[in-house]
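Structural description and commentary
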Amino acid sequence: MDDPVEQPHRRRPGQRRRAAVSALARAVLVAAGLVTVYYLLPLDGRGTTGDSVLLACGLLLVVVVFWWQVRAIMSSPHPRLKAVETLATTLALFLLLFAGSYYLLEHTTPGSFSEPLTKTDSLYFTLTTFTTVGYGDITARSQTGRVLTMIQMVGGLMLVGVAARILAGAVQEGLRRQGREPSGDFPTRRKD
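Please read all numbers here as calculations on a predicted model, not as lab measurements. Sequence order as written defines the numbering, with residues in each chain counted from 1. With pLDDT at 70 or above as the cut-off, local features in this predicted model cover only qualifying residues; side-chain atom pairs require 80 or more to be listed or tallied, and sums for whole chains, interfaces and linings still use all residues. Processing note: side-chain calculations cover all non-hydrogen atoms of the structure and skip hydrogens and water entirely.

Some details on the layout of surface pockets
The gaps of empty space that remain are located by a probe, the size of a water molecule, rolled over the atoms. Using protein atoms alone on a 1 Å grid, points that fit a 1.4 Å probe yet trap it form a cavity, whereas open point sets bounded by protein on both sides within 12 Å along at least five of seven lines form a pocket; residues with an atom within 4 Å of a point count as lining. Grid points are joined across faces, edges and corners, and a volume is the space filled by probe spheres set on the points. What the largest pocket holds in volume is close to 660 Å³. What lines the largest pocket is a set of 30 residues, among which Leu54, Leu55, Leu97, Gly100 and Ser101 lie closest to the centre. In terms of residue count, the dominant contributor to the lining of the largest pocket is helix α2 (residues 48-75) (nine residues). Partitioned by chemical class, the residues of the lining of the largest pocket number 19 nonpolar, 10 polar and one charged. Space inside the second largest pocket adds up to approximately 330 Å³. As for the second largest pocket, its lining consists of 15 residues, and the residues nearest its centre are Val62, Val63, Gly155, Met158 and Leu159. Top contributing element to the lining of the second largest pocket by residue count: helix α5 (residues 143-177), with seven residues. Considered class by class, the residues forming the lining of the second largest pocket number 13 nonpolar, two polar and no charged. Numbering of helices and strands runs from the N terminus; a helix is a DSSP stretch of H or I covering at least four residues, while a strand is a stretch of E covering at least two. Residues are grouped as follows: Ala, Val, Leu, Ile, Met, Phe, Trp, Tyr, Cys and Pro are nonpolar; Asp, Glu, Lys and Arg are charged; all remaining types, including Gly, are polar.

Shown next as structure tokens:
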């Protein structure tokens, strides 16, 4: 039988299961908390300059939270689970930031969309854009609305593509630091 001191990376199935449940619960709670904050924030749409600054600061916050989480992945005892948490947090923050921006745009510049947007309508439009399901009921009409939608599309592609690669690298590094070899979950590049 392996000595747990010699094999610190071996964990009992019960420990892994508890860690997975905890990670899932944290991800759900963070996402639910962010959605709650979105609905409770008094977004009144006072001016487009302030809204643009708010969007820029929000996007910066997404990047800062993401990088902070990447560092946490590398030192986590469960890097894969921490990566799932990171993706859930970053994705929720990104999507809610754009939902709030669409809501503010419609209220500062009425007619920017094919119909007036409530917070739920804004979140629906954001998710429709992110998932590339397509439009039919709500569309961006104004140039500002279309530009904002295009920024979200590009940002979503970057979040899925670039962020996924960064998270995979962070998981690999976290596993290496623990003396474990990454499994085939995330293929590594060949070193020539």
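Additional details are given in the paragraphs that follow.
Re the side chain of Thr90
With respect to the helices and strands, Thr90 occurs in helix α3 (residues 79-108). Burial status follows relative accessibility: with a 1.4 Å probe on protein chains alone, a residue under 20% of its type maximum counts as buried, one over 50% as exposed, and anything between as partly exposed. According to the relative accessible area criterion, Thr90 is buried, its value standing at 1%. A distance of 2.8 Å separates a polar side-chain atom of Thr90 from the backbone oxygen of Thr86. Residue contacts for Thr90: discarding those within four places in its chain leaves Val62, Phe66 and Leu159. Here a polar contact is taken to be a pair of N or O atoms separated by no more than 3.5 Å, where protein atoms must pair a possible hydrogen donor with a possible acceptor and residues adjacent in sequence count only if both atoms sit in side chains. Contacts were defined at the residue level, with two residues in contact if any of their heavy atoms lie within 4.5 Å.

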